[in-house]
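# Chain and residue survey
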Amino acid sequence: MAFRFMSPVYRLGLSMYLTSAWGHVPSQHLRRWGYRRLFGLTIPRTSVIYSGAEIRAPYNVVIGEFTSIGHHAILDGRGGLTIGSNVNLSTGVWIWTNEHDAQDPDFKITSAPVAIEDYAWLSCRVVVLPGVIIGRGAVVAAGAVVTKDVEPFTIVAGVPAKPIGKRSPALRYCLSGYVPIV
Ligand SMILES: CC(C)(COP(=O)(O)OP(=O)(O)OC[C@H]1O[C@@H](n2cnc3c(N)ncnc32)[C@H](O)[C@@H]1OP(=O)(O)O)[C@@H](O)C(=O)NCCC(=O)NCCS
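Report follows, based on the coordinates. (Residues numbered from 1 in each chain as written. Predicted model: local features only at pLDDT ≥ 70, side-chain atom pairs only at ≥ 80, totals over all residues. Heavy atoms only, no water.)

### Some words on the overall build of the chain
What the chain contains, in helices and strands, is two helices and 18 strands. In terms of overall size, the chain behaves like a compact globule, its C-alpha atoms giving a radius of gyration of 17 Å where 182 residues would be expected to give roughly 16 Å. Taking the principal axes of its C-alpha atoms as reference, the chain extends roughly 55 × 45 × 20 Å. Classification of the 182 residues of the chain by burial places 42% in the buried group. Within the chain, residue pairs in contact and separated by at least 24 positions form 25% of the contacts whose partners lie at least 6 positions apart. Of the roughly 9700 Å² of accessible surface on the chain, a fraction of 62% belongs to carbon and sulfur atoms. Put simply, the chain has 17 plus and 11 minus side-chain charges, and the middle of one group is 10 Å from the middle of the other. (Helix = DSSP H or I, 4+ residues; strand = E, 2+ residues; numbered from the N terminus. Rg over C-alpha atoms; globule rule 2.2 N^0.38 Å. Buried < 20%, exposed > 50% of the residue type's maximum accessible area, 1.4 Å probe, protein only. Contact = heavy atoms within 4.5 Å. Areas by Shrake-Rupley, 256 points an atom, 1.4 Å probe, with all protein chains shown as cover. Lys, Arg positive; Asp, Glu negative; His and termini not counted. Charge placed at Lys NZ, Arg CZ, Asp CG, Glu CD.)

As structure tokens, then:
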């Protein structure tokens, strides 16, 4: 109730603090429960978010089945973020849906949704920029910055990310295992 009398900037700060703090609760189940029930994230029981995540506008983030979000992810839901099923985000993946218009005299904020399709693997320290679609089964190599859409079953690397290979579409795994607590 007290939230209603706070200025918007304080409300924003408090909600960012609470969602980040929640990311350190030492239980996969409790963390997922809170993300769903307290913060409005859409995530099924089969998916996990490892600790240290920062989730902005979690009520605009939708995660599919058997997906694994690695440690210290940043998921920006402000412009709308959809992550499919059997998606693997390794440690330290940052997905942004908002940015500033560098040419605008008022430095205005623009936003565009991001979609990560089923079976994609974003390896460690990947950065995804607003408006990008990462296709089914695509792989993004460690440290890449993804500025444009990635075709399905394509492996990309570098800054900006460019194709370096193809992945076999014959995928049958299910990311059902996870490490508890952490
Ligand atoms: C994408 C990845 C799986 C390799 O894919 P691959 O198809 O086997 O690629 P290759 O090793 O054959 O490399 C192909 C080319 O891309 C380059 N390349 C590979 N990974 C790269 C990267 N992260 N950044 C830039 N270039 C890269 C290689 O140097 C090679 O270049 P060359 O042809 O000029 O020699 C691997 O590079 C990677 O990023 N692994 C992630 C590791 C990780 O995050 N582990 C933690 C979570 S499990």
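### Brief notes about the site of the ligand
Surveying the vicinity of the ligand reveals the residues Ser-90, Trp-121, Ser-123, Cys-124, Ala-141, Ala-142, Ile-155, Ala-157 and Ile-164. The contact in question runs from an oxygen atom of the ligand to an N or O atom on the backbone of Cys-124, over 3.1 Å. One nitrogen or oxygen atom from the main chain of Ala-142 is found 2.8 Å from an oxygen atom belonging to the ligand. Among the residues making up the shell around the ligand, the classes are represented as seven nonpolar, two polar and no charged. (Near = heavy atom within 4 Å. Polar contact = N/O pair within 3.5 Å; in protein donor to acceptor, adjacent residues only side chain to side chain. Nonpolar A, V, L, I, M, F, W, Y, C, P; charged D, E, K, R; others polar.)

### Overview of the side chain of Thr-97
Note that Thr-97 resides in the loop between strand E8 (94–95) and strand E9 (98–100). Reaching out from Thr-97, the side chain makes a polar contact with the backbone nitrogen of Arg-78 at a distance of 3.4 Å. Setting aside chain neighbours within four positions, we find Thr-97 in contact with Asp-76, Gly-77, Arg-78, Gly-79, Gly-80, Leu-81, Thr-110, Ser-111, Ala-112, Val-114 and Pro-130.

### Regarding the sheet that holds strand E5 (residues 74–76)
Strands belonging to one sheet form pairs held by backbone hydrogen bonds; the direction of such a pair is parallel or antiparallel. Strand order across the open sheet formed by five strands is E2-E5-E8-E13-E16, with parallel pairing between neighbours. Strand pairing shows two members of the sheet lacking a second neighbour, strand E2 (54–56) and strand E16 (145–146), which therefore form its edges. With two bridges connecting them, strand E13 (residues 127–128) and E16 associate as parallel partners. When the sheet's bridge partners are listed, Val-128 is paired in E16 with Val-146. (Pairing = 2+ DSSP bridges.)

### A look at the nonpolar core
Leu-75, Ile-95, Leu-122 and Ile-134 are the most contacted members of the largest nonpolar core, which has 35 residues in total. Secondary-structure elements contributing two or more residues to this core are strand E3 (61–63), strand E6 (81–83) and strand E11 (114–116). Beyond its immediate sequence surroundings of up to four residues, Ile-95 is in contact with Ile-74, Leu-75, Asp-76, Leu-81, Ile-83, Leu-89, Val-114, Ile-116, Leu-122 and Val-128. (Core = buried A, V, L, I, M, F, W, Y, C linked by side-chain atoms within 4.5 Å.)

### So, unusual backbone geometry
Along the chain, Val-159 connects to Pro-160 via a cis peptide bond; the corresponding omega equals -5 degrees. In this structure, Pro-160 sits in the loop between strand E17 (154–157) and strand E18 (162–166). Non-glycine residue Ala-57 carries a positive phi angle of around 45 degrees. Taking the relative accessible area as the measure of exposure, Ala-57 reaches 11% and is therefore buried. In this structure, Phe-66 takes a positive phi of about 55 degrees despite not being glycine. Looking at where Phe-66 falls in the secondary structure, it is placed in the loop between E3 and strand E4 (68–69).

### Here we look at the pattern of salt bridges
Applying the stated criterion across every chain, the model contains three salt bridges. Ionic pairing is found between Asp-76 and Arg-78, a salt bridge with its closest N-O pair at 2.8 Å. Between Asp-118 and Arg-136 there is a salt bridge, and its shortest N-O distance comes to 3.6 Å. With Asp-118 in the loop between E11 and strand E12 (121–122) and Arg-136 in the loop between strand E14 (133–134) and strand E15 (139–140), this residue pair connects regions lying 18 residues apart in the sequence. A residue is classified by how much of its surface remains accessible, and Asp-118, at 27% relative accessible area, is partly exposed. (Salt bridge = Lys/Arg side-chain N within 4 Å of Asp/Glu carboxyl O.)

So yeah, pure geometry; function would need other evidence.
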